[in-house]
Amino acid sequence: MSGRETALWHPFATMATVPGSTVTMVRGEGSTVYDASGRSYLDAIASLWYVNVGYGRTELAEAAAAQMRELACFQAYEVFSTEPAEALARRVSDLVPMADAKVFFTPGGGSDAIDSAAKLARAYWGAVGRPGKQIIIARSHAYHGMNAYGTSLGGIPAFTDPFGPLVTLVEHVPWDDAGALAKVIEQAGADRVGAFFCEPVVGAGGVYFPPEGYLAEVQQICRDNDVLFVADEVITGFGRTGEWFGSVRYGLQPDMMTVAKGLTSGYLPLGAVVVGPRVADPFWRAGSTEMFRHGYTYTAHPAACAVGMANLDILEREQLVSRVRELESVLAAALAPLADHELVSEVRTGAGLLAAVEISAAAREAHPGLGARVVAAARSQGVITRLLRGAALQISPPFVITAEELQQIAGVLTTSLDGALA
Ligand SMILES: Cc1ncc(COP(=O)(O)O)c(C=O)c1O
């Protein structure tokens with residue numbers, strides 16, 4: 001397709017080069033997708049970390065269709081509600097490691113959830129009479145989506161720098177240094193810091209697992225300083241780490257959690273802020289007149305919520321979260337030999353079906369475009385991966401992937417690296 005024929009503007013793409021190179025996907029089954037020419041690809045990244053139950057689940061299509069036939073949509077502002085929204089909120093509340101959690105659904109996915117959580121953090125401090133606690137702290141390498149708060153909280157300079165300071169009163173700390181968090185809070189003054197946003201496992205920033213004890217320490221620092229601890233579980237939520245949530249895997253009890261992707265496995269877009277009792281209380285307490293002045297036209301969309309319910313049914317019925325836990329060591333073993341490859345500086349595995357193969361800085365410097373060539377070579381051999389931060393190959397397959405398919409991914413990555421300098 002030429003530049004004149006297509007009108008589709010792709011995210012994160014150099015549009016001068018995309019026309020003529022597009023890969024149009026038409027069908028999927030399990031961990032495999034098929035393009036318009038009939039070629040098949042093993043999807044090593046579950047689209048964008050989200051098709052957790054795999055492709056081709058007609059059960060999810062039927063859940064959406066059934067809801068749409070009955071009541072396709074209705075708003076959730078003020079007193080209005082729908083049955084799927086109520087049911088999914090109750091179910092998520094019962095699943096998370098927070099007592100009596102409340103669920104604020106967001107329509108677009110993780111970015112909306114992040115911006116909602118950030119606004120709620122600031123609104124909370126206003127509601128409890130401490131409006132000065134406005135500063136939000138995030139980490140280097142962090143990815144919190146592309147809305148205004150999320151862009152500002154992001155710790156990947158290429159994604160934040162072009163847009164300037166969209167949201168002010170945002171600070172960053174190194175992703176692995178709990179002491180740095182304590183220091184920034186001390187310097188700013190705890191009475192000015194409202195929240196700390198933290199991915200249990202850094203995702204789009206390169207798949208970095210938390211150093212031993214790091215998450216417990218930052219959570220404690222937040223408690224000691226009366227700072228809300230917000231776990232961004234957009235990737236880690238609903239099983240990706242081999243537990244229902246990264247917070248369970250790492251023993252955390254966040255004040256708020258953001259979720260999206262795995263909530264519906266992406267069959268329809270849906271996210272949520274899951275709010276613990278502390279933050280909910282000033283808004284929900286009997287007699288309170290506080291209102292969270294925030295919402296979206298499609299908040300708690302009933303068709304998306306019906307898909308969410310059916311998706312959780314599949315995860316539970318097929319015990320896919322324990323399957324992820326079982327496949328964790330299979331994935332690690334399959335990728336381990338890549339650590340010795342001359343172009344690779346590190347293979348990161350450690351929790352669930354999440355991994356990255358880092359192409360060494362020396363190799364990338366010596367051979368500009370190396371990473372993109374590896375990704376293209378893998379695709380030509382039928383495996384879809386992508387580059388994170390220009391350096392690391394992402395591996396985050398659907399939970400239904402088999403041990404043989406994981407071996408196949410590792411094999412194709414190896415031959416793609418082998419051939420990249422040829
Ligand atoms: C940790 C995290 N937070 C937020 C987001 C933003 O989600 P979305 O792209 O669905 O808006 C992402 C997306 O990858 C993410 O990985």
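Each value, and the rule that gives it
- The numbers attached to residues start from 1 for each chain and follow its sequence in the written order.
- Local features in a predicted model are, by the rule used here, given only for residues with pLDDT of at least 70; side-chain atom pairs are given and counted only at 80 or more, and totals for whole chains, interfaces and linings are based on all residues.
- The side-chain values count all of the structure's non-hydrogen atoms but skip hydrogen atoms and water molecules.
- The rule is simple: take the accessible area with a 1.4 Å probe, protein chains only, and divide by the maximum for that residue type; under 20% is buried, over 50% is exposed, in between is partly exposed.
- Numbering of helices and strands runs from the N terminus, with a helix taken as a DSSP run of H or I at least four residues long and a strand as a DSSP run of E at least two residues long.
- Paired strands are those between which DSSP finds at least two bridges.
- When a carboxyl oxygen of Asp or Glu lies within 4 Å of a side-chain nitrogen of Lys or Arg, that pair is called a salt bridge.

Counting buried positions over the five residues of strand 5 (residues 135-139) gives five, a clear majority of the element. Examined bridge by bridge, strand 5 and strand 7 (residues 193-198) share three bridges and lie parallel to one another. Note on strand 7: the bridge partner recorded for Ile137 is Phe196. Pairing analysis gives four bridges linking strand 5 to strand 6 (residues 170-173), with the strands arranged parallel. Paired with Ala138 across the two strands is His172, which belongs to strand 6.

What follows deals with the sheet that holds strand 12 (residues 355-359). Taking strand neighbours across the sheet as the criterion, the four strands line up as 11-12-15-14 in an open arrangement whose pairing is antiparallel. Two strands close off the open sheet at either side, each with one partner strand: strand 11 (344-348) and strand 14 (387-388). With two bridges joining them, strand 14 and strand 15 (residues 392-395) adopt antiparallel strand pairing. Counterpart to Leu388 in the pairing with strand 15 is Ala392.

Scanning all chains against the criterion turns up 17 salt bridges. A salt bridge links Asp94 to Arg90; its shortest N-O distance comes to 3.0 Å. Of this pair, Asp94 and Arg90 are both found in helix 3 (residues 83-95), four residues apart, which corresponds to roughly one turn of the helix. The closest approach of N and O atoms between Arg91 and Asp313, which form a salt bridge, is 2.8 Å. On the criterion of sequence distance, the pair formed by Arg91 in helix 3 and Asp313 in helix 11 (residues 302-317) is long-range, its members being 222 residues apart. On the basis of relative accessible area, Arg91 is assigned to the buried category, the value being 15%. Classification of Asp313 by relative accessible area gives partly exposed; the value is 33%. Each of the salt bridges in this network shares a partner with another, and the network as a whole consists of Arg57, Glu59, Arg317 and Glu318.

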